Amino acid sequence: MKKINIQPKQIFKGNVKALAVAVALGLSAPVLADSITSNISGSISANDYSQYVVTASDPKTGLKREVAVNQSGEFRFAQLPTGIYEITVTKNGAVVAKQQARLSLGSNTGLEFDFLKEDGTERIEVTGARISAIDLSSTDSGLVIGEFELDRMPVARNITSVALLAPGTIQGDSSFSSPNSGGTASFGGASVAENSCYINGMEVTNTSQGLGCGSVPFEFYKEFQVKTGGYSAQFGRTTGGVLNAVTKSGTNDWEFAATALFTPKSLREDGQISYSAGGENGIEVFRNQTNDEYSKTELTLSASGPLIKDTLFVYALVNPRDVENNFSSQSSGRQQYASDDIFINRESSGSDNLFWGLKLDWLINDDHQLNFFAYSNKDDTTSNTFDFDPETAEIGDLTQSTIRKRGGELKSLSYKGYFTDRLTVSAMYGEIETEYTDTPSNLDCPTVLDARSVSASERISSCGAGGSTGVNIDNNKQTRIDIEYAFDDHLLRVGYDKQVRETFHTTEPITGHQWTYSTLNANAVISGTDGPLFTNNTGAELDFVSDRIFAGGGGFTTDLNAWYIEDEWQVTDDLRLNLGLRQDEFENSGVTGLVFSSFKTDIAPRLGFSWDPTGDGESKFFGTYGTYYLPVPNNTNYRAASGISDITTYYTFTGSDSTGAATGLSPIAGTDANSQVVNSVPNPATQDTFQAEEAEPFSKDEYIVGYETQITEDLSVSLRGIYREVATALDDYCGPFASQATCTLLNPGSDSTWQLDNDFDSVTDANSRRTYTAEEIGLPEAVNEYTALQSQLNYIADDWSMTFIYTWSRSIGNFEGAVKSDIGQADAGITQDFDFPALQDGSYGYQANDRRHVFKLFGSYSVTDDLTLGVNSVLSSGRPLSAFGQGYPDNDPTVYGSYGDTFYLFTNNECTVDLVDNACPQNGKIYQFQPRGTVGRTPWTFNVDLSANYTFNVSGIDMRATLNIYNVLNNQGVSSQNEHYENLRSEGSFNQYYGAAYTWQTPRYVEIGFEARF
């Protein structure tokens, strides 16, 4: 740490500004201490360092640590809990300096004490410290923000909304979240299934698909850390971003609080309507959200304080919630081809939607701490489904009731020990169980979709909401240990962490069938595994029906292990290097307990530098380079190794019964065997057949360079450039060379070796091991690149706190990542992208998460000591749009398989060559090539949220009233729209809903809150 001869001054003018400075530093560039603590480091300028001792104490808990100053005048307090600390410097027992410092999550607070006069002699008066406004030790990117700042701004009470404050984050597609849930976020162009989430050091990410996180009530949160890039080797298993949070803890003062929050549906504006493009049926309503409603009432009661003063503390909280969520939807499950036809009413009351949480902190002594954390956020929701007429918005009869079980329980125990001033050891064990089970009451009505171009009165529909039955429970057991040792100019960390992710997931379609009615144009084909399954040579349109039976499942496991080592090296007073290495192992097992997928990553570098070019602590250049790996999600175990049978059979039909099931069935190609496509069989895959021997796990490389400077005491600015690219893509290939029992995991564009199980007995076929060249497989190398320039201004004054962020970015390639937003496919890691070579023809282009321009402005203004106004606004350019087809010019089975959205549109023109068997051969058909993202973009969206907070006192009780108005201008711009130009399995058949809006910005709504503390 550099030593600067300056006159010491107190830069914090008041508590509000101190906290604002802390959040501004966090927004600029947080540094890692570990996932739940912070550091204090500093230096003194004096003549004899041996006489000085520095003490850090937290007056709220009595925690006190004392360290000696080394021979260079430097001191460091490692891994302290977040909070406001008093720093005292003593010389021969006499106090010579005092300073108060706030420690934010994962930050490093730097202090500089100067006891030298201009003539080189020492001062004897008590002084304060200079606190650098720029964190010179940090190299990563993101945001740190706490409850104080969030309470002053209109930020929706969910963790996605917090993540969206950070630079480089955008709202994810609505396909991956239920209405009014807060949704998901994309970090740095990555798909929304590539992030990880932590609370108090426990990972709470959805381990099946990577979509969403466990959460606690906002009253329980103390601080958030959003890592958008450049993060340390301590963090892994993510190629997107990290959302890290800590909860509140008890102190020596007993405090009781009651908060009430109301989101009344009466103060929510109506939603929008979108329409079909016409076609044979004229214009029809596609989506009708005018009846959509959402209301929430929640009460939070908390108590915190000392069970034993200065030693044992408790923070306990209960949070009953009454939620009503009403919205229109589609019974078919295929949103691209169906209008709204059902209305869903979901209600959960406090007795079935009750959160409780507990945090115990035991300061055994100043050197050893033990922490226990537990919560239950179980939510049993009754979901009632009614008939719905989108044209009139009339809600009809009740057709089904479903019990939705969500949430679960978490418990963890962590330890931290300070064995010397140099050596710190921390350890944790925890377990989180989460359920995603739906239990419907109506088991007589199958899922039905009629995608034919017929009038609404002629369409076949189900007698109910359809769906499936089954159980879906995740359990994640976590263990980790971290050791930190400081010596000379180095801070060395090593660690190991392990997760055992267990899932029990079964499914069966209601009635055992899922029916889809379609129309096949003249000359059009139904594709099979080995080429065209059926060609329509009737010379006219032909109606047909497909029956998909998707059933099976069981219990399976993923074992994850990792080690890391890193060194923070202070090379000179002005130059700091962060040097880290990490290696992960991923092992997936199926229902039989046998491993079917196993990877050991290369050693991944995590490198960074921070350089102060002037030596005054008010500016820095910084940069990072890192490689990040993503494990195979448990959803892959479910699809490939849990005994799922996925068979679709095609028929002609004569009618339907009262449930919507087809009648008068006749196999379209003569026999059932010739008329069906087998995508998976009940016998689980083996590693030899499912994973190519050369395959490496999904990984990304990232490069960041930036500059940050303090222009004035109130204004700082930063600029950074970011480049991310997929280094290795891992996806399933399903062409005829793949093992036909499932598919085969490989790295697209590479030579690959595997064996076959084409008799579906979970045993490798004799003499089937073979190496296939990249040319034979026909897949291109996977490309996904994200380039961004981020500029940021932080203005901090006594009454003002404001942050402005502008991000220019470009996301381009031939696939999005773990999931596929443009078609709403949530099969993390095994999307259709690389199933067949034809699906890659035209796939290179701007990706669904490409938002070229994003402007963010948020902050608060204190009108008086009691009244604070807040703002949070975003202006964003639209996402690129495509036009997906259902056919391909080449019917070679090595090129195009039995399904998948292509970038070719069949024009259905007259045949350009002579007919063969009354049908046009493939080389005589005409297609329009429409590459990805070339049919425009969704419109720009603009959103402004405003808030007001008023504090007052009633009979000695501190009170606060809040008013948040979201989307004040009620702008309801289109956020996503239908990109499927052709009907399902019907090349040349125009989808009348193409181009119609799926979703819009959330309408204006109001949130009213009251809080009492005593």
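Here, the structure is the one placed above.
To start, this report covers the structure provided alongside it. None of the values given here were measured: they were computed from a predicted structure.

**Digging into the overall build of the protein**
Inference 1: Secondary structure assignment for the protein yields six helices and 63 strands.
Inference 2: By its C-alpha atoms, the protein is 105 × 65 × 45 Å across when sized along the principal axes.
Inference 3: Counting only contacts in the protein whose residues sit at least 6 apart along the sequence, the fraction spanning at least 24 positions is 71%.
Inference 4: Total accessible area on the protein is roughly 36600 Å²; 53% of this is exposed by carbon and sulfur atoms.
Inference 5: In the protein, the 69 positive side-chain charges and the 130 negative ones have mean positions that sit 8 Å from each other.

**A short note on unusual backbone geometry**
Inference 1: The backbone of Ala-393 sits at a positive phi, close to 65°, despite the residue not being glycine.
Inference 2: Along the chain, Ala-393 falls in the loop between β24 (379-389) and β25 (394-418).

**Let's talk about the pattern of salt bridges**
Inference 1: Evaluation of the coordinates by the stated rule reveals 49 salt bridges.
Inference 2: Here Glu-979 and Arg-879 are joined by a salt bridge, their closest N and O atoms 3.6 Å apart. Note that Glu-979 is positioned in the loop between β59 (974-977) and β60 (982-983) and Arg-879 in the loop between β54 (867-876) and β55 (904-906), a separation of 100 residues in sequence. Note on accessibility: Glu-979 and Arg-879 belong to one class, buried.

**What to know about a negative patch on the surface**
Inference 1: Residues Glu-66, Asp-366, Asp-367 and Asp-421 make up a contiguous surface patch of negative charge.
Inference 2: On the secondary structure map, Asp-366 appears in the loop between β22 (354-365) and β23 (368-376).
Inference 3: Residue classification places Asp-366 among the partly exposed residues on the basis of a relative accessible area of 34%.

**Examining the pairing of strand β50 (residues 784-796)**
Inference 1: Of the two faces of β50, only the one carrying Asn-784, Tyr-786, Ala-788, Gln-790, Gln-792, Asn-794 and Ile-796 is buried; Glu-785, Thr-787, Leu-789, Ser-791, Leu-793 and Tyr-795 on the other face are not.
Inference 2: Here eleven bridges tie strand β45 (residues 715-728) to β50, and the two strands are oriented antiparallel to one another. Considered in β50, the bridge of Ser-718 is made with Gln-792.
Inference 3: Pairing of β50 with strand β51 (residues 800-813) involves 13 bridges; the strand directions are antiparallel. Residue Glu-785 lies in a different strand from β51, and its bridge partner there is Ile-812.
Inference 4: If you look at the hairpin formed by β50 and β51, you'll find three residues sitting between the two strands.

**A short note on the state of the cysteines**
Inference 1: If you walk through the whole model with that rule in mind, you get four disulfides.
Inference 2: Two residues share a disulfide in this structure: Cys-445 and Cys-463, whose sulfurs sit 1.8 Å from each other. An S-S torsion of about -110° defines the bridge between Cys-445 and Cys-463 as left-handed. Taken together, the positions of Cys-445 in the loop between β26 (423-440) and β27 (447-450) and Cys-463 in the loop between β27 and β28 (468-469) put the pair 18 residues apart, joining distant regions of the chain.
Inference 3: Accessibility expressed as a relative area gives 4% for Cys-445, which makes it buried.

**Regarding the environment of Ile-722**
Inference 1: Looking at where Ile-722 falls in the secondary structure, it is placed in strand β45.
Inference 2: On a C-alpha basis, the gap between Ile-722 and Arg-851 in space is 15 Å, while along the polypeptide they are 129 residues apart.
Inference 3: Apart from the residues lying within four places of it in its own chain, the contact partners of Ile-722 are Tyr-703, Ile-704, Tyr-786, Thr-787, Ala-788 and Gln-790.

**Here we look at empty space enclosed by the protein**
Inference 1: Taken as a whole and assessed by the stated rule, the structure comprises 15 cavities of 30 Å³ or more.
Inference 2: Roughly 190 Å³ of volume is contained in the second largest cavity.
Inference 3: Along its surface, the second largest cavity is lined by 21 residues, and Thr-139, Gly-230, Tyr-231, Ser-232 and Asn-578 are the ones closest to its centre.

**Quick word on the side chain of Asn-872**
Inference 1: Looking at the element boundaries, Asn-872 is found in strand β54.
Inference 2: Among the residues examined, Asn-872 registers a relative accessible area of 12% and is labelled buried.

**Let's talk about the packing of aromatic side chains**
For any two aromatic rings, the description comes down to two numbers: the centre-to-centre distance and the angle of the planes.
Inference 1: As enumerated under the stated definition, the model contains 46 aromatic pairs in all.
Inference 2: Taken together, a centroid distance of 4.4 Å and an interplanar angle of 25° make the contact between Trp-754 and Tyr-772 stacked. Note that Trp-754 is positioned in strand β48 (residues 752-754) and Tyr-772 in strand β49 (residues 770-772), a separation of 18 residues in sequence.
Inference 3: An aromatic cluster is built from Tyr-52, Phe-75, Phe-77, Phe-113 and Phe-115, whose rings are joined through pairwise contacts.
Inference 4: Over the ring of Tyr-418 we find Arg-65, and its NZ or CZ is 3.9 Å from the ring centre.

Calculation criteria
Residues numbered from 1 in each chain as written. Predicted model: local features only at pLDDT ≥ 70, side-chain atom pairs only at ≥ 80, totals over all residues. Heavy atoms only, no water. Helix = DSSP H or I, 4+ residues; strand = E, 2+ residues; numbered from the N terminus. Contact = heavy atoms within 4.5 Å. Areas by Shrake-Rupley, 256 points an atom, 1.4 Å probe, with all protein chains shown as cover. Lys, Arg positive; Asp, Glu negative; His and termini not counted. Charge placed at Lys NZ, Arg CZ, Asp CG, Glu CD. Salt bridge = Lys/Arg side-chain N within 4 Å of Asp/Glu carboxyl O. Buried < 20%, exposed > 50% of the residue type's maximum accessible area, 1.4 Å probe, protein only. Patch = residues over 30% accessible without salt bridge, like charges linked within 9 Å, V, L, I, M, F, W, Y side chains within 5 Å. Pairing = 2+ DSSP bridges. Disulfide = S-S within 2.5 Å. 1 Å grid on protein atoms, 1.4 Å probe; cavity = no way out; pocket = protein on both sides within 12 Å on 5 of 7 lines; lining within 4 Å. Points joined across faces, edges and corners; volume = space filled by probe spheres on them. Phe/Tyr/Trp six-rings, centres within 6.5 Å; stacked < 30°, edge-to-face > 60°. Lys NZ or Arg CZ within 6 Å of the ring centre and 35° of its normal.

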